[in-house]
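The lines below spell out each chain.
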Amino acid sequence: MTTEADCIFCSIVAGARPCHKVLETDLVLSFMDIFPASQGHTLVIPKHHYETVFDIPESAMQAVSVVAKRIAGAIRAELAPDGMTIVQVNGAAAGQTVMHYHVHLLPRTQGESMRLHGSNQADPARLDALARAFAARLIELHPQ
Ligand code: AMP
Ligand code: ZN
């Protein structure tokens, strides 16, 4: 079991580890996956540490889902992918490697093989540019 103290995502939430942030609300954080399985691969997490769907309260899951939907729209507006896989895995047997609940947003190109994990770390400048572009699209799509 991973606790907050040894959780990578909790250290990102706490600001102890950097991320390419797309959006932060009171309950939710979204940032670029540093080992993207496709261009624009983005994560959405609750700021509080819950390991899986079995631990997260429904209210926090709802908050994550609403942000995931909005960011999916922003990614689509920016990259116009052929499709988008939205996936959330629970437990090592299901492919979970970071034991902090998260939703993957994976823009897809027709004909490209489906995978959840990338093999190479992305160029930080590229991730930064994508995060900024998605954040700008969010503001366009959901003006306050
Ligand atoms: P999962 O395997 O479903 O638990 O997904 C965890 C995801 O977190 C993987 O896609 C990793 O590439 C990603 N990841 C791990 N460490 C970081 C990090 N420091 N910043 C951003 N993404 C990360
Ligand atoms: Zn955590």
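The coordinates are above.
The structure presented is a predicted model; accordingly, all values stated were derived computationally and were not measured.

Undergrad: Where do I start with the environment of Q39 in this structure?
TA: If you trace the backbone, Q39 turns up in the loop between β2 (28–32) and β3 (42–46). It is 8.2 Å that separates the C-alpha atoms of Q39 and R108, two residues lying 69 residues apart in sequence. Sequence-distant contacts of Q39, that is, excluding residues within four places in its chain, are made with L79, P107, R126 and L130.

Undergrad: Even after reading the chapter, I still don't get the nonpolar core, so can you show me in this structure?
TA: Note on soluble globular proteins: their nonpolar side chains tend to be buried together. Core analysis: the biggest nonpolar cluster contains 24 residues, and V22, M32, V44, I71, V103 and L105 have the highest contact counts within it. Listed by contribution, the elements that provide at least two residues to this core are β2, α2 (58–79), β5 (103–108) and α3 (124–141). By residue number, the principal contributor to this core is α2, which donates nine residues. M32 has contacts with H20, V22, G40, H41, T42, L127, L130, A131 and F134, leaving out every residue within four places of it along the chain.

Undergrad: Help me out: how do you make sense of the layout of surface pockets in this one?
TA: A water-sized probe rolled over the atoms picks out the places where empty space is left. Its boundaries defined by the atoms lining it, the largest pocket holds a volume of some 450 Å³. Together, 23 residues line the largest pocket, and F9, D33, I34, F35 and L43 are the ones closest to its centre. Elements with a minimum of two residues in the lining of the largest pocket: α1 (8–13) and β2. Here the lining of the largest pocket takes three residues from α1, the largest share from any one element.

Undergrad: Honestly, the coordination of the zinc ion (ligand 2) in this entry has me stumped. Any pointers?
TA: Each protein donor to the zinc ion (ligand 2) is listed here as C7 (SG), C10 (SG), H49 (ND1) and H100 (ND1); together their distances run 2.0 to 2.3 Å. Angles of 104 to 116° at the metal separate the four donor atoms of the zinc ion (ligand 2), which places the site in the tetrahedral class. In the primary structure, the donors to the zinc ion (ligand 2) are separated according to the pattern C-x2-C-x38-H-x50-H. When its relative accessible area of 3% is taken as the criterion, C7 is described as buried.

Undergrad: Is there a simple way to think about α3 in this case?
TA: Given a rise of 1.5 Å per residue, 18 residues ought to cover 26 Å, and the 26 Å separating the end C-alpha atoms of α3 matches this to within 8%. Of the surrounding secondary structure, the elements contacted by the buried residues of α3 are β1 (21–24), β2, β3 and α2. Two or three places before A125, at the opening of α3, D123 has a side-chain oxygen 3.2 Å from that residue's backbone nitrogen.

Undergrad: In this structure, what is going on with the pattern of salt bridges? I would like to understand it.
TA: If the charged atoms of two oppositely charged side chains come close together, the side chains can form a pair. Applying the stated criterion to the full structure yields five salt bridges. When the shortest N-O distance is used, the salt bridge between D128 and R132 registers 3.1 Å. With D128 and R132 both in helix α3, this residue pair falls four residues apart, about one helical turn. The exposure class of D128 is partly exposed, given its relative accessible area of 28%. Exposure remark for R132: the relative accessible area of 58% places this residue in the exposed category.

Cut-offs and rules
- Along each chain, residues carry numbers from 1 onward, in the same order as the chain's sequence is written.
- Chains carry letters from A onward and ligands carry numbers from 1 onward, assigned in written order.
- This being a predicted model, a pLDDT of at least 70 is required before a residue's local features are given, and a value of 80 or more before pairs of side-chain atoms are given or counted; all residues contribute to the totals for chains, interfaces and linings.
- Each side-chain value is derived from all of the structure's non-hydrogen atoms; neither hydrogens nor water enter the calculation.
- Only DSSP runs of H or I with at least four residues qualify as helices, and only runs of E with at least two residues qualify as strands; both kinds are numbered from the N terminus onward.
- For this analysis, residues touch if any pair of their heavy atoms sits within 4.5 Å.
- Throughout, nonpolar core names a set of buried Ala, Val, Leu, Ile, Met, Phe, Trp, Tyr and Cys residues whose side chains join them through atoms within 4.5 Å.
- The buried label goes to any residue with under 20% of its type's maximum accessible area, the exposed label to any with over 50%, and the partly exposed label to all in between, with areas taken from a 1.4 Å probe on protein chains only.
- Site definitions follow a grid-based scheme: protein atoms alone, a 1 Å grid, a 1.4 Å probe that fits but cannot get out for cavities, and for pockets an open set with protein on both sides within 12 Å along at least five of seven lines, plus lining residues having an atom within 4 Å of a point.
- Grid points are joined across faces, edges and corners, and a volume is the space filled by probe spheres set on the points.
- Sites may look incomplete, because water is not among the atoms used; the donor set itself consists of N, O and S atoms within 2.8 Å of the metal (3.2 Å for Na, K and Ca).
- The rule is simple: four donors are tetrahedral if all their angles sit between 85 and 135 degrees, four are square planar and six octahedral if opposite donors span more than 155 degrees and the others lie between 65 and 115, and anything that fits none of that is irregular.
- A helix's residues, less one, multiplied by 1.5 Å, set its expected span.
- Each polar contact in these results corresponds to two N or O atoms within 3.5 Å; when the atoms are within protein, one needs to be able to donate a hydrogen and the other to accept it, and residues that are neighboring in sequence are counted only if both atoms are side-chain atoms.
- Salt bridges, as used here, are contacts in which a Lys or Arg side-chain nitrogen is within 4 Å of a carboxyl oxygen on Asp or Glu.

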